[in-house]
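Listed below are the residues making up each chain.
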Amino acid sequence: MDTWTPNPRAKPFIPRQQRSLYLTWKYKLTNKRAVRRLCQSGAVLFLLVTVIVNIKLILDTRRAAIEEEAVQDYDEVLPNMETPRRPPNGRKVLDIEVYSSRSKVYVAVDGTTVLEDEMREQGRGIHVIVLNQATGHVMAKRVFDTYSPHEDEAMILFLNMVTRGRVLIFTIKDEGSFHLKDAAKSLLKGLGSQVSMSLSWRDMWTLVVKKGGQVYGEKHSKSPALSTWGDPVLLKTEVQLTASEDAECHWSDTELNRRRKLFCSKVEGYGSICSCKDPAPIEFSPDPLPDNRVYDVPVAVIAGNRPNYLYRMLRSLLSAQGVNPQMITVFIDGYYEVWSPQRYP
């Protein structure tokens, strides 16, 4: 070992740290390839999503075109509808058509359109129309967005307040079952529906029934998939009107009851006001308020198109101790045929 000398031509020793530069470069190259592959995969995924969206758009456009053709067919048939017929017993028969679809609903009575809603992004849910069983006149129209919470509860309240014997018409626009709970479905079943318990996502449905009586017709179209709607349905049926004596309550002949009778023959949905057995009062005589300093103070009520809420508020206001009805003024923006029974007609 003492005589050993290094070889001057030998390659110098390279520390292990110098090799890490090569490995680092190799890792960087590998990472770049991974990023490139990731970008390629993202581009392919984006193309697939674009293709799926385009296919869905084409299918929706085709379905909308089919619905428009159905509406056009209806418009062509409507002018040729027969006039109301009278059966041998002399009572009038109403021809009723009810249409339910994703983008439009309508109801026609004896060739007259009493409901037509084809506004986009509006009118979703279950539309309800109440007809007078003796005259065929529209007494109430409501729409309950049962896609949203608690609307089914409002529908239950309204239907329970409708007088027995009235003709009820139901039709769904777009979607009406997402928040339609079992209580509401059971009520519809009690009215005579055969499919209410099976109504599901984006189904189309129509029903014509007399409350507490006959079912005149029902149609249902099941949605084939979550991403699509049921096919449009068109229900055509006939409703035989009853005698006017059977549709009216026999209250004592007073000025107050004449007002009540006129109101209840035109408007529905006010519950006990039109009860034949125990009608709710429409005039109030609250006790006077001692030393009433607000008797002559004007009261302004600003109301919208919510006559049921207006009635409840006026009933509470007129029942208050010391109220002066002559100082109450109701302001309503626009023209509405429904008025509070306290001031009707």
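Residues numbered from 1 in each chain as written. Predicted model: local features only at pLDDT ≥ 70, side-chain atom pairs only at ≥ 80, totals over all residues. Heavy atoms only, no water.

Re the sheet that holds strand β2 (residues 105–109)
Hydrogen bonding along the main chain pairs the strands of a sheet, whether they run parallel or antiparallel. Taking strand neighbours across the sheet as the criterion, the four strands line up as β3-β2-β1-β9 in an open arrangement whose pairing is antiparallel. What marks the edges here is a single partner per strand, and that holds for β3 (112–117) and β9 (233–240). When strand polarity is set aside, the average angle formed by the axes of neighbouring strands in this sheet is 10°. Bridge count between strand β1 (residues 93–100) and β9: eight bridges; the pairing is antiparallel. Each residue of the ladder has a partner; that of Asp-95, found in β9, is Glu-238. (Pairing = 2+ DSSP bridges. Helix = DSSP H or I, 4+ residues; strand = E, 2+ residues; numbered from the N terminus. Axes fitted to C-alpha atoms, helices over the stretch in contact; angles between N-to-C directions.)

Re the side chain of Thr-171
Tracing the chain through its elements places Thr-171 in strand β6 (residues 167–173). Overall, the relative accessible area of 1% leaves Thr-171 in the buried class. Within the structure, the side chain of Thr-171 is placed 2.9 Å from the backbone oxygen of Tyr-99, a separation counted as a polar contact. (Buried < 20%, exposed > 50% of the residue type's maximum accessible area, 1.4 Å probe, protein only. Polar contact = N/O pair within 3.5 Å; in protein donor to acceptor, adjacent residues only side chain to side chain.)

So, the packing of aromatic side chains
Per the counting criterion, the structure on display carries eight aromatic pairs. An angle of 35° between the planes, with centres 5.7 Å apart, marks the rings of Phe-170 and Trp-205 as tilted. Here the residue Phe-170 occupies a position in strand β6, and Trp-205 occupies one in strand β7 (residues 204–210), the gap between them amounting to 35 residues. This pair shows no difference in class: Phe-170 is buried, exactly as Trp-205 is. (Phe/Tyr/Trp six-rings, centres within 6.5 Å; stacked < 30°, edge-to-face > 60°.)

As for the nonpolar core
Membership of the largest hydrophobic core comes to 26 residues, with the highest contact counts inside it found for Ile-126, Met-155, Phe-158, Leu-159, Leu-168, Phe-170 and Trp-205. Listing elements by their share of this core, those giving two or more residues are β4 (125–131), β5 (138–144), α2 (151–161), β6, α3 (182–191) and β7. In contact with Met-155, other than residues within four places in its own chain, are Ile-126, Phe-144, Leu-180, Ala-184 and Leu-188. Counting residues in each nonpolar core, the second largest holds 17 residues, with Val-105, Val-114, Leu-115 and Ile-169 among its members. (Core = buried A, V, L, I, M, F, W, Y, C linked by side-chain atoms within 4.5 Å. Contact = heavy atoms within 4.5 Å.)

Here we look at a nonpolar patch on the surface
On the surface, Val-44, Leu-45, Leu-48, Val-49 and Val-53 cluster together into a nonpolar patch covering about 450 Å² of accessible area. Among the structural elements, Leu-48 can be located in helix α1 (residues 16–77). (Patch = residues over 30% accessible without salt bridge, like charges linked within 9 Å, V, L, I, M, F, W, Y side chains within 5 Å. Areas by Shrake-Rupley, 256 points an atom, 1.4 Å probe, with all protein chains shown as cover. Salt bridge = Lys/Arg side-chain N within 4 Å of Asp/Glu carboxyl O.)

Describing the pattern of salt bridges
Summed over all chains, the structure comprises twelve salt bridges. When the shortest N-O distance is used, the salt bridge between Asp-110 and Lys-92 registers 3.7 Å. A residue pair is termed long-range when its members are at least 10 positions apart, and Asp-110 in the loop between β2 and β3 and Lys-92 in the loop between α1 and β1 qualify at 18 residues. Overall, Lys-92 belongs to the partly exposed group, its relative accessible area being 29%. Lys-173 is the salt-bridge partner of Asp-117, the closest N and O atoms lying 3.0 Å from each other. Taken together, the residues Asp-117 in strand β3 and Lys-173 in strand β6 connect sequence positions 56 residues apart. Asp-117 sits in the buried class, given a relative accessible area of 13%. On the basis of relative accessible area, Lys-173 is assigned to the buried category, the value being 3%. Among the charged side chains, a salt-bridge network with shared partners connects Lys-104, Glu-116 and Glu-118.

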